[in-house]
Amino acid sequence: FISERLSDLTSGSLYVSGPPGTGKTAVIQHVVENLKSKFCGLKCAFINCMTLKDSNTVFCHIHEQLKGSPVKGKDAMKAMERLVTTSKSSILLVLDEIDQLDSKHQDILYRIFEWPALKDSKLILVGIANALDLTDRVLPRLQASAHCRPTLMNFAPYTSVQITDILKHRLERECVVEPSAINFCARKVSAVAGDMRKALDVCRRAVEIVEGDAKYHTVLKSQDCNSPTKQRPCDNLPLKKVTLAHISQVMNDVYGNNLNKSVSGGGVDSTVPLQQKLAVCSLLVLLRTGRLKEVLLGKLHESYSRVCRKQQVAPVDQAEFLSMLILLDTRGIVALKKAKDTRFIKISLKLDEQELESTLQDKVLLATILKDGIPK
């Protein structure tokens, strides 16, 4: 799609949709890097709209990436329109999480999708988001104009077979995960979401559990060997492997019953999954440091993502994060105040710190995050 328009110096728009963890962003980034080396004069801008504090600033960010100079306010939108219609070379604009550009009457999204249809425009727009029906549901006006209507491309969730193949490829050099455990992980993840990141995260955490156990037993073995009452030789322990039980444990600990309900028989898990703990801890830090009573969802998700990276956990996207907060709301841990824009939903904490510690049942994690604060 992009190469054809680059070769012909024409414009166009492409909307890429699909559930989280299906490789949308990774594929587009890979394609863009290849095209940069092939088309030397190509101007590129790649923006994750989730990182924008205000939807209106998107024009400033795009202009700054393309021209290297910032433009403020309404001038930025006009400057961008001049740029896409006067540029002699093609402009490739990729907007990841484009659904975050929600605004009153969707003016911002409409304006951007109309750029490729402007006279003499050489803009190639690629929008990426999870929702399959974004352009139909949020931008129905685009369907009335053939020039503005984007080409649609959907990334389907990974199947069990595909997840198994990827995990085996990633693990082919080290036979540390039993084949049955890989198949089990693939089946469970594909049944819920087909999110490859979840499958990789589960395997990584299972390996860490086994690695920790191996180190612990090695220390015990070493102590036994050094004892004068122990006469047996200090042989290396055999390599432990990740089993189906380890994978099941990680799924239950990190993601709760959503991924593991078929294993546990569908019962209600009384413990709070790790992802939810990290969200609540992030909320507590923001409330304490800012002396606030409530926090906007966009700000909380940004802080939670940083905490996740610090704890070496893959953060969920904003849509899944909202679902997680709704679950916490139903459990009486947080309270949500609705808003038209997801990012402006206000979240408050219903429990005090002592009650929270008892509910999360993870004093160490809570203390660590409170001490470290939100990473920069």
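Residues numbered from 1 in each chain as written. Predicted model: local features only at pLDDT ≥ 70, side-chain atom pairs only at ≥ 80, totals over all residues. Heavy atoms only, no water.

Participant: Help me out: how do you make sense of the environment of Arg82 in this one?
Facilitator: As for its placement among the helices and strands, Arg82 is situated in helix α4 (residues 74-86). The exposure class assigned to Arg82 is exposed, which follows from its relative accessible area of 52%. Considered as a pair, Arg82 and Ser121 are 39 residues apart in the sequence and their alpha carbons are 9.2 Å apart. (Helix = DSSP H or I, 4+ residues; strand = E, 2+ residues; numbered from the N terminus. Buried < 20%, exposed > 50% of the residue type's maximum accessible area, 1.4 Å probe, protein only.)

Participant: Explain the nonpolar core to me, please; I cannot follow it from the model alone.
Facilitator: Nonpolar side chains in soluble globular proteins tend to end up buried together. Of all hydrophobic cores here, the largest spans 36 residues; its most connected members are Leu278 and Phe321. If you list the elements that add at least two residues to this core, you get α12 (274-290), α13 (297-310), α14 (318-330), β8 (346-349), α15 (353-360) and α16 (363-372). By residue number, the principal contributor to this core is α12, which donates 10 residues. Setting aside residues up to four positions removed in sequence, Phe321 forms contacts with Ala279, Leu297, Leu300, His301, Tyr304 and Val316. Ranked by size, the runner-up nonpolar core spans 34 residues in total, among them Ala45, Leu52, Leu83 and Val138. (Core = buried A, V, L, I, M, F, W, Y, C linked by side-chain atoms within 4.5 Å. Contact = heavy atoms within 4.5 Å.)

Participant: Explain the sheet that holds strand β3 (residues 91-96) to me, please; I cannot follow it from the model alone.
Facilitator: Paired through their backbone hydrogen bonds, the strands of a sheet run either parallel or antiparallel. Read across the sheet, five strands follow the order β2-β3-β4-β1-β5 without closing on themselves; strand pairing throughout is parallel. Every other strand in the sheet has two partners, leaving β2 (43-48) and β5 (151-154) as the edge strands with one partner each. Pairwise comparison of adjacent strand axes, ignoring direction, gives a mean angle of 15 degrees for this sheet. Of the strand pairs in this sheet, strand β1 (residues 12-17) and β5 are connected by four bridges, and their pairing is parallel. Pairing of Ser17 across the sheet is with Asn154, part of β5. (Pairing = 2+ DSSP bridges. Axes fitted to C-alpha atoms, helices over the stretch in contact; angles between N-to-C directions.)

Participant: What am I meant to see in the confidence of the model for the protein chain here?
Facilitator: Any region with low pLDDT has predicted coordinates that should not be read closely. Across the protein chain, the average pLDDT comes to 83, with 88% of residues at or above 70. Ranking the elements of the protein chain by mean pLDDT puts helix α11 (residues 257-264) last, at 46, and β3 first, at 95. Ignoring residues within four places in sequence, the model shows residues 260-270, a span with pLDDT below 50, making 17 contacts including any to other chains. (pLDDT = per-residue confidence, 0-100.)

Participant: Whenever I open this one, the environment of Gln361 confuses me. Can you help?
Facilitator: With respect to the helices and strands, the residue Gln361 is situated in the loop between α15 and α16. Gln361 sits 84 residues away from Lys277 along the chain, and the two C-alpha atoms are 9.4 Å apart.

Participant: What should I look at first to understand helix α5 (residues 107-114) in this one?
Facilitator: Given 3.6 residues per helical turn, the α-helix brings residues three or four places apart onto the same face. Inspection of α5 places Ile108, Leu109, Tyr110, Ile112 and Phe113 among the buried residues, and these make up the whole buried set. Packed against the buried residues of α5 are β1, α3 (58-67), β3 and β4 (123-129).

Participant: What is the right way to look at the sheet that holds strand β7 (residues 334-337) in this model?
Facilitator: Strand order in this open sheet of three strands is β6-β8-β7, and the pairing throughout is antiparallel. Every interior strand has two partners, whereas the edge strands, β6 (295-296) and β7, have only one. Bridging between β6 and β8 involves two bridges; their strand directions are antiparallel. By the bridge assignment, Leu296 is partnered in β8 with Lys346. Of the strands in this sheet, β6, β7 and β8 touch α12, which is tilted by about 90 degrees from β8.

Participant: What exactly am I supposed to notice about the packing of α3 against α4 here?
Facilitator: A packed helix pair is summarised by two numbers, namely the angle formed by the two axes and the spacing between the axes. One way to put it is that α3 packs onto α4 with a least axis distance of 8 Å and a crossing angle of 45 degrees. Judged by the inter-axis angle, α3 sits oblique to α4. Here the hand of the crossing between α3 and α4 comes out left-handed. Across the interface between the two elements, Phe59, Cys60, Ile62, His63, Leu66 and Lys67 of α3 pack against Ala76, Met77, Ala79, Met80 and Leu83 of α4. (Parallel < 35°, antiparallel > 145°, perpendicular 65-115°, else oblique. Left-handed = near helix turned anticlockwise from the far one by under 90°.)

Participant: In this structure, what is going on with the pattern of salt bridges? I would like to understand it.
Facilitator: If charged atoms from side chains of opposite charge come close, those side chains can pair. Tallying each qualifying case throughout the model produces 14 salt bridges. Here Arg204 and Glu208 are joined by a salt bridge, their closest N and O atoms 2.6 Å apart. Of the two residues, Arg204 and Glu208 are both situated in helix α9 (residues 196-226); the distance of four residues between them amounts to about one turn of the helix. In this structure Arg204 comes out as partly exposed when scored by relative accessible area, which is 29%. Look at Glu208 and you get partly exposed, because its relative accessible area is 34%. Arg306 is paired through a salt bridge with Glu302; the nearest N and O atoms lie 2.9 Å apart. With Arg306 and Glu302 both in helix α13, this residue pair falls four residues apart, about one helical turn. A single network of salt bridges, built from pairs that share partners, joins Asp195, Arg197, Lys198 and Glu320. (Salt bridge = Lys/Arg side-chain N within 4 Å of Asp/Glu carboxyl O.)

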